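An overview of the molecular structure
Spelled out, the chains give:
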Amino acid sequence: MNKPKIVILGAGYGGIITSKKLEKLLKSGEADVTLINKHDYHYITTQLHKTGIGTAADRQIAMSIPELIDISKTHFLKATVTHVDTDNKEVQLEGGETVNYDYLLIALGFEGQTFGIPGVKENAFELRSFRSSKAIYHHIKKQLNLYKEDQDPSRLTFVVAGGGFTGIELLGELADGLPKLCKEHDVPFEKVKIIGIEAAPSVIPFFPKQSVEYTTEVLRKLNIQLITSTKILGCTADKIILENKIEVPAKTLVWSCGVQGNTIVQKWGLPIEKGKLAVDSYLRVKNTKNVFSIGDCSLFMKDGKTSLAPTAQVALQQAPVCAKNIVASLRGESLTTFEYHHKGSVASIGLSAGVGKVGTVRLSGLIGSFMKLVIEARYLFNLGGPSLILKQHFGVNREQV
Ligand code: FAD
């Protein structure tokens with residue numbers, strides 16, 4: 001008898017942890033597992049602001065997928081998914097290759113959201129993937145080099161749109177990392193302007209007043225100019241156009257105003273709600289028995305009413321339940337209902353400050369920044385044990401431990 005084929009699309013937080021859980025749950029020879037991702041590396045999205053400024057080494061953020069999985073149990077395919085044909089249980093890949101499945105997990109993540117604002121798609125940078133964060137880093141270095149030739153101050157004006165967690169992390173990292181980059185390029189840091197623009201009356205408007213005040217004060221001390229209650233109407237390669245006819249001359253705009261689910265999944269004839277794959281309480285795409293979806297490209301309604309925010313935390317809680325349910329499905333056993341438990345949210349603001357809430361405890365300052373490091377370390381531990389933490393942070397290989 002042919003072994004059932006399990007195919008996982010996407011090796012981000014949701015996909016890679018599901019494949020690792022399947023390695024543990026499946027008996028030898030029980031199923032063939034294939035993990036498909038468009039790059040052969042997995043990246044720590046929650047640390048992309050660091051590669052964007054060059055304050056973390058590439059190896060700390062991006063890791064080889066074949067080294068993270070057990071290749072004797074999971075087959076890895078580096079390929080871009082173009083289509084899923086659920087009638088024929090077939091995944092189509094760029095280049096024309098197809099892969100058949102019996103059980104499918106769609107974990108293709110998110111895309112940036114530009115709200116159709118003129119010029120943003122063409123001119124702004126995004127902190128979306130490892131590659132897009134490296135594009136920011138190379139652009140900043142280019143501006144510093146060109147400034148030495150033309151002394152154009154707009155080259156030294158770095159603007160971040162959006163004052164949510166990602167926006168404040170990037171602002172803090174710019175303030176921390178730019179002095180070193182300026183020194184390396186022989187450019188006076190005093191001439192640098194870092195600006196954060198937010199449409200709401202404050203940064204992190206969804207947080208308690210004390211956290212907002214703390215964050216605003218930290219950013220102010222870092223000499224970051226905050227423009228709040230102001231919408232961006234458009235941008236070109238040289239300026240940002242704000243409401244009230246204000247224009248900010250700047251050659252760097254990083255757009256960090258929200259994400260949407262990967263829109264590719266909308267074209268596959270599967271149930272879509274709010275632009276995402278609608279899933280049931282077992283994380284199966286509605287009206288299907290063998291297609292699962294987790295993470296940012298899926299919509300899970302907590303208590304049947306509230307949708308979950310697109311976070312790594314959600315994807316990481318869904319992954320083990322999804323793996324369990326795929327195995328239960330192929331064994332004909334009963335499935336487990338997914339329940340989400342919010343543990344908290346923490347953002348770093350540069351190296352020495354952080355803000356957030358864990359459980360009922362409000363965090364700020366060094367403890368906030370430390371907690372962010374602890375969360376990242378715990379993720380690395382789950383992904384590859386203590387040796388991965390050593391390798392990522394100290395460049396030590398498994399053989400040397
Ligand atoms: P992803 O992790 O995005 O993985 C999707 C994978 O699919 C990627 O590897 C991608 O390359 C691959 N892929 C996409 N399309 C294709 C295709 N067509 N073919 C093949 N492969 C494809 N969440 C938190 O909980 N805490 C945080 O502190 C936090 N910080 C963040 C900071 C930033 C800058 C950003 C952008 C997000 C942050 N998030 C945070 C959100 C978190 O990163 C996402 O919710 C999480 O990555 C979702 O996991 P996922 O598995 O659904 O998708």
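Since the model is a prediction, treat every value here as computed from it, not as a measurement. (Residues numbered from 1 in each chain as written. Predicted model: local features only at pLDDT ≥ 70, side-chain atom pairs only at ≥ 80, totals over all residues. Heavy atoms only, no water.)

**Considerations on the sheet that holds strand S28 (residues 361–364)**
Put simply, the rule reads: Two strands make a pair as long as DSSP finds a minimum of two bridges between them. Runs of H or I in DSSP of at least four residues are treated as helices and runs of E of at least two as strands, each being numbered from the N terminus. Each axis is a line fitted through C-alpha atoms, and for a helix only the stretch in contact is used; angles between axes span 0 to 180 degrees, taken between their N-to-C directions. Whether two residues are in contact is decided by their heavy atoms, any of which lying within 4.5 Å being enough.
If you walk across this open sheet you meet the 3 strands as S26-S27-S28, and the pairing is antiparallel. Strands with a single pairing partner mark the edges of an open sheet, and in this sheet they are strand S26 (344–348) and S28. On average, adjacent strands in this sheet sit at an angle of 10° to one another, irrespective of strand direction. Strands in contact with helix H8 (residues 209–221) are strand S27 (354–358) and S28; relative to S27, the strand with the most contacts, it is inclined by about 160°.

**Here we look at helix H7 (residues 165–185)**
Applied cut-off: The span one expects for a helix is its residue count, reduced by one, times 1.5 Å. What we call the bend at a residue is the angle made by axes fitted to the seven residues finishing there and the seven residues starting there. Each residue is assigned to one of three classes by its accessible area relative to the maximum for its type, calculated with a 1.4 Å probe on protein chains only: buried under 20%, partly exposed between the two thresholds, exposed over 50%.
In this model, H7 (21 residues) spans 29 Å end to end at C-alpha, consistent with the 30 Å of a helix rising 1.5 Å per residue. Residue Gly177 marks the point of greatest curvature in H7, where the axis turns by about 40°; the proline Pro179 follows within four residues. Among the 21 residues in H7, 15 count as buried, and that is most of the element. Trailing H7 by a residue or two, Asp186 shows a phi angle of about 60°, which is positive.

**Here we look at the pattern of salt bridges**
Under the convention used in this document: Every case where a carboxyl oxygen of Asp or Glu lies within 4 Å of a side-chain nitrogen of Lys or Arg is listed as a salt bridge.
In total, this model carries 18 salt bridges according to the counting rule given. The partner of Arg128 in a salt bridge is Glu126, and the shortest N-O contact between them spans 3.1 Å. Taking the shortest distance from any N to any O, the salt bridge between Asp238 and Lys251 comes out at 3.4 Å. With Asp238 in the loop between strand S15 (232–235) and strand S16 (239–242) and Lys251 in the loop between strand S17 (247–249) and strand S18 (252–255), the pair connects residues that are 13 residues apart, well separated along the chain. Taking relative accessible area as the criterion, Lys251 reaches 16% and is therefore assigned buried.

**As for the site of the ligand**
Quick note on the threshold: Here a residue counts as near a molecule or strand whenever at least one of its heavy atoms sits within 4 Å of it. Polar contacts, as used here, are pairs of N or O atoms within 3.5 Å; protein pairs need one atom able to donate a hydrogen and one able to accept it. Residues neighboring in sequence count only if both atoms are side-chain atoms. Per-residue and other accessible areas were derived by the Shrake-Rupley procedure at a 1.4 Å probe size, with only the shown protein chains allowed to occlude residues. Residues were grouped as follows: Ala, Val, Leu, Ile, Met, Phe, Trp, Tyr, Cys and Pro as nonpolar; Asp, Glu, Lys and Arg as charged; and all remaining residues, including Gly, as polar.
Near the ligand there are 29 residues, and of these Gly14, Asn37, Val81, Asp296 and Thr311 occur at the shortest range. Taking Gln313, its main chain carries an N or O atom lying 3.1 Å from an oxygen atom of the ligand. For the ligand, the accessible surface in isolation is 1000 Å², of which the surrounding protein chains cover 89%. When residues of the shell around the ligand are traced back to their parent elements, those giving at least two are helix H1 (13–25) and helix H9 (312–331). The element best represented in the shell around the ligand is H9, accounting for 3 residues. Classifying every residue of the shell around the ligand gives 12 nonpolar, 14 polar and 3 charged.

**A look at the environment of Ile168**
Here Ile168 is to be found in helix H7. Accessibility expressed as a relative area gives 0% for Ile168, which makes it buried. Remark: the alpha-carbon pair of Ile168 and Ala62, spanning 106 residues in sequence, is separated by 22 Å. Beyond its immediate sequence surroundings of up to four residues, Ile168 is in contact with Gly163, Val203, Ile204, Thr215, Leu219, Ala347, Ser348, Ile349 and Val355.

**What about a nonpolar patch on the surface?**
We apply this condition: The patches described consist of residues with a relative accessible area above 30% and no salt bridge, like charges being joined within 9 Å and nonpolar side chains (Val, Leu, Ile, Met, Phe, Trp, Tyr) within 5 Å.
Taken together, the side chains of Ile367, Phe370, Leu373 and Val374 make up a nonpolar region of the molecular surface, amounting to roughly 370 Å² of accessible area. Within the secondary structure, Val374 sits in helix H10 (residues 366–394).

**Things to note about the domain arrangement of the protein**
Where we set the bar: Where each domain starts and ends comes from a domain assignment, either automatic or drawn from a database.
For the protein, the domain assignment lists domain 1 (5–38 + 79–112 + 260–333) and domain 2 (120–258). Computed from C-alpha coordinates alone, the two centres of domain 1 and domain 2 are separated by 35 Å.

**So, the packing of aromatic side chains**
Keep this limit in mind: Side-chain rings of Phe, Tyr and Trp (the six-membered ring for Trp) are treated as a pair once their centres are within 6.5 Å; stacked means planes under 30 degrees apart, edge-to-face means over 60, and tilted covers the remaining angles.
For the structure shown, the criterion picks out 7 aromatic pairs. Ring plane angle 35° and centroid distance 4.9 Å describe the contact between Tyr13 and Tyr379, whose orientation is recorded as tilted. Residue Tyr13 is located in helix H1, and its partner Tyr379 is located in helix H10; the two are separated by 366 residues in the primary sequence. For Tyr379, a relative accessible area of 6% corresponds to the buried category. Aromatic pair Phe300 and Phe338: ring centres 5.0 Å apart, planes at 80°, arrangement edge-to-face. In this pair, Phe300 sits in the loop between strand S23 (298–299) and strand S24 (301–302) while Phe338 sits in the loop between H9 and S26, placing the two residues 38 residues apart along the sequence. Ring-pair connections join several aromatic residues into one group, and the members of that group are Tyr41, Tyr43 and Phe130.

**Considerations on the sheet that holds strand S2 (residues 32–37)**
For sheets, the rule is that strands pair by backbone hydrogen bonds, running either parallel or antiparallel. On the basis of which strands lie adjacent, the open sheet formed by 5 strands has the order S5-S2-S1-S9-S22 and parallel pairing. Where the open sheet ends on each side, the last strands, each with one partner, are strand S5 (74–78) and strand S22 (291–293). This sheet shows a mean twist of 20° between the axes of neighbouring strands, independent of strand direction. Against the sheet, H9 engages strand S1 (5–9), strand S9 (103–106) and S22, with an angle of about 165° to S9.

**A closer look at unusual backbone geometry**
Unusually for a residue other than glycine, Lys89 sits at a positive phi of about 50°. Positive phi values are uncommon outside glycine, yet Asn287 reaches one of about 70°. Mapped onto the fold, Asn287 is located in the loop between strand S21 (276–278) and S22. What makes Asn287 exposed here is its relative accessible area of 77%.

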